[in-house]
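# An overview of the molecular structure
One letter stands for each residue in the lines below.
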Amino acid sequence: MVIPKETSNENRIQILEQEVFRLTEASIEALRQKDVFISTISHEVRTPLNAIVGIAHLLEQDAAFHNDNRLKILKFSADNLLRLFSDLLELSKIESGRLSLNISDFSIYELTSNTFSALELQATQKGLAYEFVFDSKISPVLRGDATRLGQVINNLLTNAIKFTPKGSVRLEVILLQDYEKEQLIRFIVSDTGIGIEEENQKKVFENFFQGYRVAGLSGTGLGLGISQSILKLMGSHIRLKSAPGQGSEFSFDIKLLKAEPLSLNQTSSEQPQNLSGVKILVVEDHKASQFIVKSFLNKWKASVTLADNGLQALEFAVRDHYDLILMDLQMPVMDGYEATEALRKLEGGKYTHTPIIALTAMNVSDVKEKIVAANFSDILPKPFKPDELYRTVMAHLSQSSIAGRAVHSEGIPYLEKIDFQSIHSMIVSFFVTQSMAMEFCKTLAEDLRELKTNYRNTLLANDETTFKGLIDKTHAVLKWLGIRPLLDETQRGKILLRQPHSQAIQDNALKVEFYCDRVVSFLNEVVESLKKRELQKVAHHAVPNYSELT
Ligand code: ADP
C-alpha cells in the first residue's frame, strides 16, 4: 500500500487503521472458510468411511469371516484412512486453539496395558521382544483425559515398532512422586531401532516431518506434533534421547489427580448389552448408515424403526411411541434440527423428555450451539464404535424406567457380550450326532472347570509354563466358538504374567472365573436340552400311533 507523501500524519494513521481492520477481517474470513472447508470435507469423507468401518466390524463378528485376509486388509486400510483424516482434523483444531481435554476417572493400568496389547501382534510379527513394565505403586484410579493419553502412548509405540527392524520395544510406566492428592507418573517408550540423527531430533516434532519416505516407514508426519500439543495441554512435553543405529527413547511425565477406585461392574465395557423391549427410531438418509445402526441395535435386541428424513420421522413418532430417537443432522426434505424442534413441541408433550441423540460426521464444536438450541439430548460423533453407541443409548435410557427393564431382564453383569444363542446353533449344527455334541460340551466344561480352578494360582505364582499350558488347552475351541471376552481376559493374563501387578491379577482372575462359570453352566444347559431331545426322539419312535391303528 502506498500513502501519498503529502498526506497529513492524522490521515496517515486513519488510513493505516482502516488497512489493519481490512486485513484482520480478511484473515478472519479466510480462517472461517478454512474451518468450513475442513468440516465439510470431514463430513463428506467420514460418512462413507463410517459405513465401511461399521460393515467391517459387523463382518468380523460373523464366524464365516474370522480368518478372511481380505477383511483384514479392508479394515486396515479403512482404519488408516480414518487416522489420516482424524490427524488432519486434530491439526486444524490445534491450529485454531480448539483442542481441549475431556477429564474423567480411569484405570491407568487398563489404559496402558490395553494400548500395549493392541499393538502386540504387530510387534511379535516382526520378531521383536515386546515388553511392558508397570509400577504397582501407581494408584488404580486416576483422573485425566484417558483417550488423549492413550493416543499419545499409541503413537509412540506405533512409531517404535515401525522404526525397529530387530531387537526390542518397551513401554514403562513408573511412579516418580506420590503426593497426597496426586501422582507424578513417567511414561517411557524405548526401542533398539534405527534411531534419529542429532540434527533431526527437534524436527521430528514439527508437523509433516518424515525422516523416511520408504515403503513401510512412511506415515503422515503428524503423530509426534499432535502428541506434543496434547501433552502441552496436560502441562507436559516429550523428551527424546536417540542415537542413529542404536535406538530411541521418548518419555514424558504427567501429574494426575488420585480418584476413588471404581467397582468392577462399573466399567462401561462390562455393561450387559441388552436393549430388549426398547423401541428406537433411527432417522438417517444414508442407507448404509441405516443398515449399520440397525444391525447393532438389533443385535442388542432393541426394536428398530427406520425413517429416511425428519418429516417421515415426525409421521412415525405421531403414529407410534418410541423410547429413544437417533437423529442424523443433514437430511433432505426436513433436517434433524427442524425435526427435533417439531418433536419437542408435539401436542401433549409426547416427546418433550424423550432422549433424542444427534448423529453427525461434522465437527462437534461446529454444531454444538445449534444442537443445544434445537433441544437435542446429546450428540454422538460419527464414525462411532459399537460400544460408544451402546454406552450413549444406555446412559440416556438409564434416566428413564426403560433402563430398569433392559438391565434387569438379564440380571447378570458384564456377560451379555457372549452370544450364547449363536454358540448354541454352532454346536448343534456342527456335530453329526447329538451324542457327539454332548461329548464335546462335557469335555469343554471339564477343561473350563480346570481353567477356573488353576488360573489365579498359576498367575500369582508367575508359573509361565503351566499357565500357557492351561490356557492353550481351551484356546482353539474358545476361538472357534467366538467366546471373545474369556479369550481376551486370558490374553491379558499373559501380559500380567510378564509384569506381575497384584490388583490387576486379582481383577483379571475374577473375570476369568466369572466367564468360566457362565460358559460351564451354559454348556450344562446345552447337554440337558440335548438329553431331553434324545428322550423325546426315543419316546416318539416307541409310542405307537393309535390313529393309524384304528
Ligand atoms: P509418522 O510416523 O507418521 O511419519 P511422526 O510425527 O509420528 O510421523 O514421526 C515423525 C518422524 O519421526 C518419523 O517419520 C521418523 O522419521 C521419526 N521417528 C519417530 N519415532 C521414531 C522412532 N521410534 N525411531 C526412529 N525414528 C522415529
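The rules we used
- Residues numbered from 1 in each chain as written.
- Predicted model: local features only at pLDDT ≥ 70, side-chain atom pairs only at ≥ 80, totals over all residues.
- Heavy atoms only, no water.
- Helix = DSSP H or I, 4+ residues; strand = E, 2+ residues; numbered from the N terminus.
- Buried < 20%, exposed > 50% of the residue type's maximum accessible area, 1.4 Å probe, protein only.
- Near = heavy atom within 4 Å.
- Polar contact = N/O pair within 3.5 Å; in protein donor to acceptor, adjacent residues only side chain to side chain.
- Nonpolar A, V, L, I, M, F, W, Y, C, P; charged D, E, K, R; others polar.
- Pairing = 2+ DSSP bridges.
- Axes fitted to C-alpha atoms, helices over the stretch in contact; angles between N-to-C directions.
- Contact = heavy atoms within 4.5 Å.
- Phe/Tyr/Trp six-rings, centres within 6.5 Å; stacked < 30°, edge-to-face > 60°.
- Lys NZ or Arg CZ within 6 Å of the ring centre and 35° of its normal.
- Core = buried A, V, L, I, M, F, W, Y, C linked by side-chain atoms within 4.5 Å.
- Salt bridge = Lys/Arg side-chain N within 4 Å of Asp/Glu carboxyl O.

A positive phi angle is found at asparagine 375, which is not glycine, with a value near 75°. Position of asparagine 375 relative to the elements: it lies in the loop between α10 (364–373) and β12 (378–381). Overall, asparagine 375 belongs to the partly exposed group, its relative accessible area being 45%. Although it is not a glycine, asparagine 462 sits at a positive phi angle of roughly 60°. Along the polypeptide, asparagine 462 turns up in the loop between α14 (434–460) and α15 (464–481). Taking the relative accessible area as the measure of exposure, asparagine 462 reaches 38% and is therefore partly exposed.

Of all residues adjacent to the ligand, which total 21 residues, the nearest are Asn159, Asp191, Gly211, Thr220 and Leu224. Measuring from an oxygen atom of the ligand, one finds a side-chain N or O atom of asparagine 159 at 2.8 Å. Within the backbone of leucine 224, one N or O atom sits 2.8 Å away from an oxygen atom of the ligand. Contributing elements (two or more residues each) for the shell around the ligand: α5 (146–162), α6 (223–233) and β7 (247–258). With 4 residues, α5 is the largest single contributor of residues to the shell around the ligand. The residue inventory of the shell around the ligand, partitioned by class, reads 9 nonpolar, 10 polar and 2 charged.

With that out of the way, let us pick up the sheet that holds strand β10 (residues 324–328). Sheets are built from strands paired through backbone hydrogen bonds, the pairs being either parallel or antiparallel. The strand order across the open sheet built from 5 strands is β9-β8-β10-β11-β12, with neighbouring strands paired in parallel fashion. Because the sheet does not close on itself, it has two edges, and the strands there are β9 (303–307) and β12. Across the sheet, the mean angle separating the axes of adjacent strands is 20° when strand polarity is ignored. Taken together, the 4 bridges between strand β11 (residues 356–360) and β12 define a ladder with parallel strand orientation. Across the sheet, the residue bridging to isoleucine 357 is aspartate 378, located in β12.

With that settled, the discussion passes to the side chain of aspartate 253. For aspartate 253, the location among the structural elements is in strand β7. On the accessibility criterion, aspartate 253 (16% relative accessible area) is buried. A distance of 2.7 Å separates the side chain of aspartate 253 from the side chain of arginine 186, its partner in a polar contact. In this structure the side chain of aspartate 253 is engaged in a polar contact, spanning 3.1 Å, whose partner is the side chain of arginine 239. Those residues in contact with aspartate 253, other than ones at most four positions away along the chain, are Leu176, Leu184, Ile185, Arg186, Ser236 and Arg239.

On to the packing of aromatic side chains, then. When we look at a pair of aromatic rings, we describe it by the centre distance and by the angle of the planes. Counted under the stated rule, the structure contains 12 aromatic pairs. Through pairs of rings, three or more aromatic residues link up here, namely Tyr109, Phe116, Tyr130, Phe132 and Phe134. Over the ring of tyrosine 322 we find lysine 279, and its NZ or CZ is 5.6 Å from the ring centre. Its end group placed over the ring of tyrosine 337, lysine 370 keeps NZ or CZ at 4.3 Å from the ring centre.

For threonine 40, the position within the fold is in helix α1 (residues 9–60). For threonine 40, a relative accessible area of 38% puts it in the partly exposed group. Along the chain, threonine 40 and alanine 361 lie 321 residues apart, while their C-alpha atoms are 9.0 Å from each other.

A few words on the pairing of strand β4 (residues 168–178). Where strand β2 (residues 129–134) lies against β4, 6 bridges are found, and the strand directions are parallel. The residue of β4 that forms the bridge with tyrosine 130 is valine 169. Counted between consecutive antiparallel strands, the loop separating β4 from strand β5 (residues 182–191) contains 3 residues.

What follows is about the nonpolar core. Of all hydrophobic cores here, the largest spans 85 residues; its most connected members are Ile108, Leu149 and Leu448. Residue contributions to this core peak at 13 residues, all from helix α17 (residues 502–542). If we ignore the near neighbours within four places in the chain, the residues touching leucine 149 are Phe106, Ile108, Leu111, Phe187, Met234, Phe252 and Ile254. In terms of nonpolar packing, the next biggest core, distinct from the first, is built from 25 residues, Phe316, Leu343, Val367 and Ile371 among them.

Tallying each qualifying case throughout the model produces 19 salt bridges. In this structure, lysine 473 and glutamate 450 form a salt bridge, with 2.9 Å as the shortest nitrogen-oxygen distance. Of this pair, lysine 473 sits in helix α15 while glutamate 450 sits in helix α14; the two residues are 23 residues apart in sequence, bridging distant segments of the chain. Between lysine 452 and aspartate 517 there is a salt bridge, and its shortest N-O distance comes to 3.1 Å. Residue lysine 452 is located in helix α14, and its partner aspartate 517 is located in helix α17; the two are separated by 65 residues in the primary sequence. Beyond isolated ion pairs, a larger network of salt bridges with shared partners links Glu131, Arg170 and Glu172.

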